[in-house]
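# Structural overview
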Amino acid sequence: MAKKQNSFSLNFDTDWNYSPAPESTSHVEIKEKYDLFIGGKFVKPKSGKYFDTINPATEKSLAKVAEANEKDVDSAVKSARKAFKPWSELPASERAKYIFRIARLIQERAREFAVIESLDGGKPIKESRDIDIPLAAAHFFYYAGWADKLEYAFPNRKIKPLGVAGQIIPWNFPLLMAAWKIAPALACGNTVVLKPAETTSLTALKLAELIADSDLPEGVVNIVTGAGKTGAAIVNHPDIDKIAFTGSTEVGKIIQRAIAGTNKKATLELGGKAANIIFEDAPIDQAVEGVINGIFFNQGHVCCAGSRLFIQESIKDEVEKKLKMRLETLRIGDPLDKNTDIGAINSKGQLETIEAYLEIGKQEGLTSFQPSYSLPKKGYYCKPTLFFDVSQSSRLSKEEIFGPVLAIQTFRTVDEVIEKANNTPYGLSAGVWTDKGSKAFNLSSQLKAGVVWANTFNKFDPASPFGGFKESGFGREGGMHGLEAYLSIK
Ligand code: NAP
Ligand code: MG
């Protein structure tokens with residue numbers, strides 16, 4: 001009997017505009033059940049266990065996903081180990097062709113990936129369609145280009161791949177984070193065991209299908225699904241050479257402790273609490289748009305989100321008034337509606353975390369603003385929220401909320417704002433809005449953050465390295481620096 005398929009029908013035209021019409025021309029198939037991708041094949045989990053992946057906009061299950069236990073992780077590592085020698089000895093130009101082919105296949109199936117990403121994770125389709133999926137393909141293209149030029153990246157050095165990389169990713173940019181991890185690892189000749197986050201496994205599994213279609217030698221990429229325990233099994237496996245982790249600072253610390261004293265190399269991309277700074281000489285309307293994008297893009301589920309806003313005192317009233325007006329015009333709702341600006345919160349658990357922070361703001365006696373429209377009745381939704389005159393000691397300015405919540409402070413002088421902006425355990429990103437180039441350069445050198453954007457925010461490019469200072473982690477992903485994370489360099 002043919003397997004039952006959940007089918008989501010959408011009508012696309014060539015400009016990506018679509019409406020959910022019954023006479024639709026393009027189908028997005030989601031299987032009822034997904035197994036583990038090990039050794040180039042889908043295999044049943046040894047535990048026999050599966051868990052539901054939920055559509056956060058409807059609260060309904062989309063599919064069942066296999067839960068990998070230690071034995072499954074062990075077979076994935078064994079398959080990656082077996083594939084390592086032949087893969088690393090393949091002429092680099094051949095490796096490049098495979099990576100290039102994966103990039104092309106992502107482009108060909110971009111619509112399907114975008115729809116599944118929005119269904120499984122709640123993000124607005126215009127973001128999955130225009131940002132996540134194209135950037136994922138761009139990462140594969142970019143690192144395909146490096147594969148046979150590594151000796152030019154590191155002249156006069158002896159370079160070798162590290163071996164088997166265990167890669168663990170979060171739920172906020174599921175396919176994109178998989179691309180950030182897999183593409184440079186393969187370009188450098190490593191093999192991979194990747195674990196997506198429990199709430200957003202579907203695009204990684206779709207990528208597994210695509211990888212099988214690409215004829216990549218079996219075992220070079222293995223994808224095992226599951227929750228934290230599966231991640232821990234990868235971290236603790238003795239035959240893993242490298243851990244690449246993106247996620248919370250809390251789990252990052254657990255991983256560091258777990259691998260201390262072993263030969264495992266690690267890169268950790270952790271949390272953030274970015275300062276977004278507006279000076280009185282900035283183009284105000286442009287800055288307001290940048291602040292809105294900085295904190296409400298992807299419902300604020302962004303490690304580099306501009307979650308602390310610093311406004312120069314002389315323009316406080318104007319900026320706050322414009323922010324409130326802009327919030328009233330944001331469209332919140334169905335992630336699959338191409339007009340949606342703010343989609344669903346990724347999971348029930350994350351919604352509860354955000355709501356707890358809204359309560360903390362209330363208890364601290366802070367003034368806040370939320371738009372007047374109401375939220376959809378079903379699904380995990382949260383109104384975009386502003387908190388005003390937040391102190392440096394407030395939990396809202398200290399802790400990462402990972403939701404659509406902006407903590408606003410003011411400042412008078414450049415020195416004051418640098419001190420306030422750097423007063424955080426994190427150091428991932430920052431933004432500066434000013435008409436003066438000298439001010440932008442001064443701040444970009446003084447802010448302790450891996451990325452500083454000037455008169456823009458949340459701009460990503462595969463050629464540009466990304467990563468944090470302090471408790472935001474170490475190591476860089478993207479650009480030439482992203483290669484170092486997967487090579488031993490003598
Ligand atoms: P998380 O709870 O740390 O989870 C990240 C990944 O680690 C998930 O796949 C998770 O599995 C797994 N995991 C959980 N416990 C583990 C353990 N003990 N050992 C090994 N793996 C374990 O983070 P999240 O809530 O998914 O993501 C949000 C965080 O990621 C935020 O703090 C955000 O700032 C950070 N982030 C950072 C960057 C960056 O580039 N710096 C980018 C994106 C996100 P399950 O989820 O399946 O349990
Ligand atoms: Mg889901």
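Before going into details, it helps to say that this report is about the structure given with it. Small disclaimer: the values here were computed from a predicted structure and weren't measured.

### Structural notes on the overall build of the protein chain
- Looking only at helices and strands, one finds 16 helices and 23 strands in the protein chain.
- Here the protein chain has a C-alpha radius of gyration of 22 Å; the compact-globule value for 490 residues is 23 Å, and the two agree.
- Summarising its shape, the C-alpha atoms of the protein chain cover approximately 65 × 60 × 40 Å along the three principal directions.
- For the protein chain, the residues scored as buried account for 57% of the 490 residues in total.
- Excluding contacts between residues fewer than 6 apart, the proportion of contacts in the protein chain whose partners are at least 24 apart in sequence is 73%.
- Carbon together with sulfur atoms contributes 51% to the accessible area of the protein chain, which is approximately 20,200 Å² in total.
- In the protein chain, 62 positive and 59 negative side-chain charges are present, and the distance between their average locations comes to 5 Å.

### Comments concerning the sheet that holds strand β8 (residues 60–66)
- Pairing is mixed across the open sheet formed by three strands, whose spatial order is β4-β8-β7. The open sheet has two edge strands, β4 (33–34) and β7 (50–55), and neither has a second partner.
- Sheet analysis places β7 next to β8, joined by six bridges and oriented antiparallel. In the strand pairing of β8, D52 is matched with K64.
- Packed onto the sheet, helix α7 (residues 202–213) meets β4, β7 and β8 and runs at close to 50° relative to β8.

### Side note on the site of ligand 1
- For ligand 1, the set of nearby residues contains 29 residues, the closest of which are I169, E198, S248, L270 and E400.
- Between ligand 1 and the protein, one listed contact pairs an oxygen atom with a backbone N or O atom of E198 at 2.7 Å.
- Contacts to ligand 1 include G228, whose backbone N or O atom sits 3.1 Å from an oxygen atom.
- Protein chains shield 87% of the accessible area of ligand 1, which is 900 Å² for the free molecule.
- Examining the composition of the shell around ligand 1, we find that four residues originate from one element, helix α8 (residues 228–236), more than from any other.
- Across the shell around ligand 1, the residue classes tally to 16 nonpolar, nine polar and four charged.

### Some thoughts on the coordination of the magnesium ion (ligand 2)
- Ligation of the magnesium ion (ligand 2) by protein atoms is provided by I54 (O), D120 (O), D120 (OD) and T199 (O), these donors lying 2.3 to 2.4 Å from the ion.
- All donors to the magnesium ion (ligand 2) come from one chain, and their sequence spacing reads I-x65-D-x78-T. Separated by 66 residues along the polypeptide, I54 in strand β7 and D120 in helix α3 (residues 110–121) bring together distant segments of the chain.

### Things to note about the pattern of salt bridges
- Summed over the entire model, instances satisfying the criterion amount to 30 salt bridges.
- The partner of E209 in a salt bridge is K31, with the nearest N and O atoms 3.1 Å apart. Here the residue E209 occupies a position in helix α7, and K31 occupies one in strand β3 (residues 26–31), the gap between them amounting to 178 residues.
- Owing to a relative accessible area of 16%, E209 belongs among the buried residues under this scheme.
- You can call K31 partly exposed: its relative accessible area is 27%.
- Here the salt bridges share partners, and the residues they tie into one network are K31, E112, K206 and E209.

### Here we look at the side chain of D132
- With respect to the helices and strands, the residue D132 is situated in helix α4 (residues 125–146).
- Overall, the relative accessible area of 0% leaves D132 in the buried class.
- Excluding residues that lie within four positions of it along the chain, D132 makes contacts with K123, E127, F173 and L176.

### Some words on the sheet that holds strand β17 (residues 368–369)
- Read from one edge to the other, the open sheet built from seven strands follows the order β17-β18-β19-β16-β15-β20-β21, with strand pairing classed as mixed. In the strand order of this sheet, the two ends are held by β17 and β21 (451–454), each with one partner.
- Alignment of strand β16 (residues 308–312) against strand β19 (residues 405–411), held across five bridges, turns out to be parallel. The residue of β19 that forms the bridge with I311 is T410.

### Remarks on the packing of aromatic side chains
- Evaluated as defined, the whole model comprises eleven aromatic pairs.
- When the centroid spacing of 5.3 Å and the interplanar angle of 80° are considered together, the rings of W171 and F402 count as edge-to-face. Of this pair, W171 sits in the loop between β10 (164–168) and α6 (174–187) while F402 sits in the loop between α13 (395–398) and β19, and the two are 231 residues apart along the sequence. In this pair, the class of W171 matches that of F402, namely buried.
- Taken together, the ring pairs in this structure connect W180, W453, F457, F460 and F466 into an aromatic cluster.
- The residue whose ring lies beneath K31 is F42, and the NZ or CZ to ring-centre distance is 5.1 Å.

Rules and cut-offs
Throughout, a residue's number is its position along its own chain's written sequence, starting from 1. Each chain takes a letter, starting from A, and each ligand takes a number, starting from 1, following the order in which they are written. Confidence filtering applies because this is a predicted model: local features only for residues at pLDDT of at least 70, side-chain atom pairs given and counted only at 80 or more, and all residues used for totals across whole chains, interfaces and linings. Note that water and hydrogens are dropped before the side-chain values are worked out from all heavy atoms of the structure. Counting from the N terminus, the helices are the DSSP runs of H or I reaching at least four residues and the strands are the DSSP runs of E reaching at least two. Here the globule rule reads 2.2 Å times residues to the power 0.38, and the radius of gyration is calculated from C-alpha atoms. Exposed residues in this analysis have more than 50% of their type's maximum accessible area, buried residues have under 20%, and partly exposed residues fall in between, with area computed by a 1.4 Å probe over protein chains only. Contacts are residue-level and defined by heavy atoms, with any inter-residue pair within 4.5 Å sufficient. Every accessible area reported is derived by Shrake-Rupley at a probe size of 1.4 Å, with residue values counting cover from the shown protein chains alone. Asp and Glu count as negative and Lys and Arg as positive, but His and the ends of the chain are not part of the count. Just so you know, the charge point we use is NZ for Lys, CZ for Arg, CG for Asp and CD for Glu. Strand pairing requires that DSSP identify at least two bridges connecting the strands. Axis geometry follows a simple rule: fit a line to the C-alpha atoms, using only the stretch in contact for helices, then measure angles between N-to-C directions, giving values from 0 to 180 degrees. Distances are taken per atom, and a residue is near a molecule or strand as soon as one of its heavy atoms is within 4 Å of it. Polar contact criterion, stated in full: a pair of N or O atoms within 3.5 Å, where within protein one must be able to donate a hydrogen and the other to accept it, and residues adjacent in sequence count only if both atoms are side-chain atoms. Under the scheme applied here, ten amino acids are nonpolar (Ala, Val, Leu, Ile, Met, Phe, Trp, Tyr, Cys and Pro), four are charged (Asp, Glu, Lys and Arg), and all others, including Gly, are polar. With water omitted from the atoms examined, metal sites may look incomplete; donors here are N, O and S atoms no farther than 2.8 Å from the metal, or 3.2 Å in the case of Na, K and Ca. Take a side-chain nitrogen of Lys or Arg and a carboxyl oxygen of Asp or Glu: if they are within 4 Å of each other, that pair is a salt bridge. Geometry of aromatic contacts follows a simple scheme: Phe, Tyr and Trp rings, the Trp one being its six-membered ring, pair when their centres are within 6.5 Å, and the pair is stacked under 30 degrees between planes, edge-to-face over 60, tilted otherwise. Cation placement over rings: the criterion is NZ of Lys or CZ of Arg within 6 Å of the ring centroid and within 35° of the ring normal.

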